[in-house]
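Single-letter residue listing:
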Amino acid sequence: MAVCVAVIAKENYPLYIRSVPTQNELKFHYTVHTSLDVVEEKVSAVGKALPDQRELYLGLLYPTEDYKVYGYVTNSKVKFVIVVDSSNTSLRDNEIRSMFRKLHSSFTDVMCNPFYNPGDTIQSKSFDSIVSAMMVQSS
C-alpha cells in the first residue's frame, strides 16, 4: 500500500507530497527528505558506471521498520519517491515500476500544461486523481 507519494524538483524542494494517514504527514516529509541523499548517491554511482543512463528506476532506496522507500529520477533530474507499507509483501518490483511510469506520465502531462509555471507546486486535479488511484489500488 502506497502511503506517501512525493515529487521533488531538481533543486531538491518538494513540488508535490501526498500521504494517506494525514496525522503522520511530518514523518513522511522527513522520510522523503532523508531519501534524497540515497537518490543522489545512486544517481552519481550509475552516472559513473554507465555514460548512457536509460534506467530511471532506482529501486528500493532503503527499508525502515514500517515502510519501504522507492525512488525514480527523470531525465530532467526531477525525483519521484514512493513510500510503501512494509506489511504489504504482495507488492512486486514490476508493480512499483508501473506506479512510477504512471506517475511520470501524469507529471509529463502537468508539465505540458501551458498554464503551469515550472518550479511551482503541482495543483492539478488529474495528477491528484492518479496519485489517489495509486494509493487505493495498491492497498
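Residues numbered from 1 in each chain as written. Predicted model: local features only at pLDDT ≥ 70, side-chain atom pairs only at ≥ 80, totals over all residues. Heavy atoms only, no water.

(A) Examining the overall build of the protein chain more closely. Counting secondary structure elements, the protein chain contains three helices and five strands. If you list the helices and strands of the protein chain from N to C, you get β-β-α-β-β-β-α-α. Taking 2.2 N^0.38 as the reference for a compact globule, 139 residues should give roughly 14 Å; the C-alpha atoms of the protein chain span a radius of gyration of 14 Å, in line with that estimate. Each of the three principal axes of the protein chain carries a C-alpha extent, and together these read 40 × 35 × 25 Å. With 139 residues in all, the protein chain has 42% of them scored as buried. In the protein chain, the proportion of contacts linking residues at least 24 apart, taken out of those at least 6 apart, comes to 56%. Carbon and sulfur atoms form 53% of the exposed surface of the protein chain, whose accessible area is close to 7900 Å². (Helix = DSSP H or I, 4+ residues; strand = E, 2+ residues; numbered from the N terminus. Rg over C-alpha atoms; globule rule 2.2 N^0.38 Å. Buried < 20%, exposed > 50% of the residue type's maximum accessible area, 1.4 Å probe, protein only. Contact = heavy atoms within 4.5 Å. Areas by Shrake-Rupley, 256 points an atom, 1.4 Å probe, with all protein chains shown as cover.)

(B) Region of interest: the pattern of salt bridges. Taken as a whole, this structure holds four salt bridges when the rule is applied. Note that Arg18 and Asp128 form a salt bridge whose closest N and O atoms lie 4.0 Å from each other. With Arg18 in strand E2 (residues 14-19) and Asp128 in helix H3 (residues 125-137), this pair connects stretches of sequence that are 110 residues apart. Residue class for Asp128 comes out partly exposed when judged on its relative accessible area of 31%. Between Lys27 and Asp66 there is a salt bridge, and its shortest N-O distance comes to 3.7 Å. Of this pair, Lys27 sits in helix H1 (residues 25-49) while Asp66 sits in the loop between strand E3 (57-63) and strand E4 (67-73), and the two are 39 residues apart along the sequence. For Asp66, a relative accessible area of 39% corresponds to the partly exposed category. (Salt bridge = Lys/Arg side-chain N within 4 Å of Asp/Glu carboxyl O.)

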